[in-house]
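Coordinates in review
Listed below are the residues making up each chain.
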Amino acid sequence: MTETSTTAADTRARRRPFPIVCLLAISLGAVGVALSSWSPWMLLLAGAGAFGPGLLREIGWLADRDEFQQQAAHRAGYHAFLAAGFAGFVVLAFLRSGGRPAADAADVPALLLAVLWFTWLLSSLVTYWGPQVAAARFLRVFGSLWLVFAVVSNIGPEWTGWAALLLHPLLAVPFFALAWAAPRWPRVSGAILLVAAAGAFWFLGLFRNPNLGLLTQGFTLILFVGPLLAGGVALLTHPRE
């Protein structure tokens, strides 16, 4: 088999539907997080969704994976280990830099678990969808979130006029443009995404605002900067499809 045909076969193999067990686990985790405002013990549901399937597979009670799925799981788990480990050292340095409230230290487990789970999810999606498809979908979701935020923040009590309502949603246009460009020019799009991630980190003032708690800034970093960073790294480190 030639190199071209091998690459094409690898590409088709990556574009596979996300396993139903993973979808159910993610749904269970989301329910647990949503119900945690009613009772903190509901977070155990989130833990069951995040780690339950893996535990069941390790003890042999769940065998639903072929070789591709096992490789994807191992790759995502290693990426999650790297991200959560590095985040742990960053948070440790942040807390020891002085003048941090006790509430920040109490939020560390939630932040590290969020980094762990979110990295696993993004890495798994890149493996199943392929880097270019995954990056394009990340950007569409990210652009949609910015679009909704721009509209909601300019209606109701925040209303300042039609000019703001019409102009602020334009901030979402670059993300939809990059979603279109990612499959066509992956290397260039990946570099732009890394620059955009650094720009978003600076623009949001993360870890420089003493009025915002560690958990708030950490989740902002994960939800808004994370997809940009993941898409950029995926496009630059994976071969062109």
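Coordinates for the structure precede this section.
Bear in mind the structure is a predicted one, so any value in this text is a computation, not a measurement. (Residues numbered from 1 in each chain as written. Predicted model: local features only at pLDDT ≥ 70, side-chain atom pairs only at ≥ 80, totals over all residues. Heavy atoms only, no water.)

Notes on the packing of helix α2 (residues 20-35) against helix α3 (residues 43-58)
Packing of α2 against α3 leaves a shortest axis separation of 5 Å and a crossing angle of 155°. Comparing the axis directions of α2 and α3 gives the class roughly antiparallel. For α2 against α3, the interelement crossing comes out left-handed. Where α2 approaches α3, its residues V21, A25, L28, G29, G32 and V33 are matched on the opposing element by L43, L45, A46, A48, G49, P53 and R57. (Axes fitted to C-alpha atoms, helices over the stretch in contact; angles between N-to-C directions. Helix = DSSP H or I, 4+ residues; strand = E, 2+ residues; numbered from the N terminus. Parallel < 35°, antiparallel > 145°, perpendicular 65-115°, else oblique. Left-handed = near helix turned anticlockwise from the far one by under 90°. Contact = heavy atoms within 4.5 Å.)

Let's talk about helix α7 (residues 131-152)
An ideal rise of 1.5 Å per residue puts 32 Å on 22 residues; α7 measures up with 31 Å between its terminal C-alpha atoms. For α7, every residue scored as buried is listed here: P131, Q132, A134, A135, A136, F138, L139, F142, G143, W146 and A150. (Expected span 1.5 Å × (residues − 1). Buried < 20%, exposed > 50% of the residue type's maximum accessible area, 1.4 Å probe, protein only.)

A closer look at the packing of aromatic side chains
Given two aromatic rings, their pairing is described by the distance between the two centres and the angle made by the two planes. Evaluated as defined, the whole model comprises four aromatic pairs. For the ring pair Y78 and F81, a centre distance of 6.2 Å and an interplane angle of 25° mean the geometry is stacked. Highlighted residues: Y78 and F81, both in helix α4 (residues 67-96), separated by three residues, approximately one helical turn. On the basis of relative accessible area, F81 is assigned to the exposed category, the value being 55%. Directly above the aromatic system of W129 lies the positively charged group of R137, at a separation of 4.5 Å from the ring centroid. (Phe/Tyr/Trp six-rings, centres within 6.5 Å; stacked < 30°, edge-to-face > 60°. Lys NZ or Arg CZ within 6 Å of the ring centre and 35° of its normal.)

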